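# Architecture at a glance
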Amino acid sequence: MYNNQTSALPRESEQSRFMARTYGWMAFALFLSAVSAFVTATLLATRMYAPAANPRAVYQSVMGFFMVCAIAEIALVWWLSASIRRISVGAATIGFVVYSVLNGVTLSTIFFAYDFSSIAGAFFSTAITFCVMSLYGLRTKRNLMSFGRYLMMGVIGILIASLVQFVLSLITRQPLYLLDMLISVAVVVVFTALTAYDSQKILRTAQYADGSEAYKKVAILGALELYLDFINILLALLRLFGKRRS
């Protein structure tokens, strides 16, 4: 019995390290995004409100820059997901860090769209929601894996609805507030559930963690999933309850 207990200790220790590594990377990504968003917003404000600035030219250059960043973000997520088995831990880490910074750059626009109090309120609301649902996913005895296909269907539905909203807004040249609100509510519901689902999936993966490079890369991929859950909830809450700048 003593031998069984002592042999189980390294496994339990490795599980704890895997969980700490995953959530640590996720928290670090949020920190990087927050810093890069604030720095970018400060630099943009300095350029946009400069005495000799041409507002139209600045707007066009900024939108082009954000478009490049958005495309780079999509490419990085695709690359990390598709190549995680082949690339090194260092390459996965660099890709994850670069993605966090780029996403912070694109998120800087919220400082121009919403009051800072609204951003802070949405962030703390998201943090509370995330922590509660993550703890639920880690502690519940219920198997949440069976909900995975339905949650993925929800994500696909949100993407389709968002595309339809974009096309209709171009045609009508009017903001579709009702559709935007419905999509935002769906995002909160789906990604809140995904937080619990991803947390339980990470916990189950941790049971097999052995400290190898493969599991270090899996921890980064898990952190990316949790990060995306957090950011999507944050943006949806902002759209629903954020006070826009006049």
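How each quantity is defined
- Residues numbered from 1 in each chain as written.
- Predicted model: local features only at pLDDT ≥ 70, side-chain atom pairs only at ≥ 80, totals over all residues.
- Heavy atoms only, no water.
- Helix = DSSP H or I, 4+ residues; strand = E, 2+ residues; numbered from the N terminus.
- Buried < 20%, exposed > 50% of the residue type's maximum accessible area, 1.4 Å probe, protein only.
- Contact = heavy atoms within 4.5 Å.
- Areas by Shrake-Rupley, 256 points an atom, 1.4 Å probe, with all protein chains shown as cover.
- Axes fitted to C-alpha atoms, helices over the stretch in contact; angles between N-to-C directions.
- Parallel < 35°, antiparallel > 145°, perpendicular 65-115°, else oblique.
- Left-handed = near helix turned anticlockwise from the far one by under 90°.
- Nonpolar A, V, L, I, M, F, W, Y, C, P; charged D, E, K, R; others polar.
- Polar contact = N/O pair within 3.5 Å; in protein donor to acceptor, adjacent residues only side chain to side chain.
- Core = buried A, V, L, I, M, F, W, Y, C linked by side-chain atoms within 4.5 Å.
- Expected span 1.5 Å × (residues − 1).
- Salt bridge = Lys/Arg side-chain N within 4 Å of Asp/Glu carboxyl O.

What follows covers the overall build of the protein. Within the protein, the secondary structure is distributed over eight helices and zero strands. Listing the helices and strands of the protein from first to last along the sequence gives α-α-α-α-α-α-α-α. With 246 residues in all, the protein has 37% of them scored as buried. Intrachain contacts of the protein at a sequence separation of at least 6 include 85% that bridge at least 24 residues. Roughly 14600 Å² of accessible area belongs to the protein as shown, and the carbon and sulfur atoms make up 69% of that amount.

Contact geometry of helix H6 (residues 148-172) with helix H7 (residues 177-206) gives a least axis separation of 10 Å together with a crossing angle of 155°. Taken together, the axes of H6 and H7 are roughly antiparallel relative to one another. Crossing geometry of H6 relative to H7 is assigned as left-handed. Residue-level inspection shows Gly148, Leu151, Met152, Gly154, Val155, Ile158, Ala161, Ser162 and Gln165 of H6 in contact with H7, the latter providing Leu179, Asp180, Ile183, Ala186, Val187, Val190, Phe191, Ala193, Leu194 and Tyr197. Of the residues assigned to the contact of H6 with H7, the class counts are 14 nonpolar, four polar and one charged.

Looking now at the side chain of Ser184. Mapped onto the secondary structure, Ser184 falls in helix H7. Here the side chain of Ser184 touches Asp180 through a polar contact of 2.9 Å, landing on its backbone oxygen. Among residues more than four places away in sequence, those in contact with Ser184 are Ala236, Arg239 and Leu240.

Membership of the largest hydrophobic core comes to 54 residues, with the highest contact counts inside it found for Phe18, Met26, Phe191, Leu194, Tyr227 and Phe230. Mapped by element, the contributors of at least two residues to this core are helix H1 (2-48), helix H2 (55-83), helix H3 (89-107), helix H4 (110-113), helix H5 (116-139), H6, H7 and helix H8 (213-241). Of the residues forming this core, the biggest block, 13 residues, is contributed by H8. With residues up to four places along the chain from it excluded, the contact list for Met26 reads Phe130, Ala223, Leu226, Tyr227 and Phe230.

Turning to H5, a few remarks are in order. The end-to-end C-alpha distance of H5 is 34 Å, a good match for the 34 Å that 24 residues give at a rise of 1.5 Å each. Every buried residue of H5 is listed here: Ser118, Ile119, Ala122, Thr126, Ala127, Phe130, Ser134 and Gly137.

This next bit is on the environment of Val97. Note on placement: Val97 falls in helix H3. Taking relative accessible area as the criterion, Val97 reaches 25% and is therefore assigned partly exposed. When the C-alpha atoms of Val97 and Ser33 are compared, they prove to be 9.2 Å apart, with 64 residues separating the residues in sequence. Look past the residues within four positions of Val97 in its chain and what remains in contact with it is Trp25, Phe28 and Leu32.

Applying the stated rule across the entire model yields four salt bridges. In this structure, Glu14 engages Arg17 in a salt bridge whose closest nitrogen and oxygen atoms are separated by 2.7 Å. Of this pair, Glu14 and Arg17 both sit in helix H1, three residues apart, roughly one helical turn. Of the residues examined, Glu14 reaches a relative accessible area of 10% and is grouped as buried.

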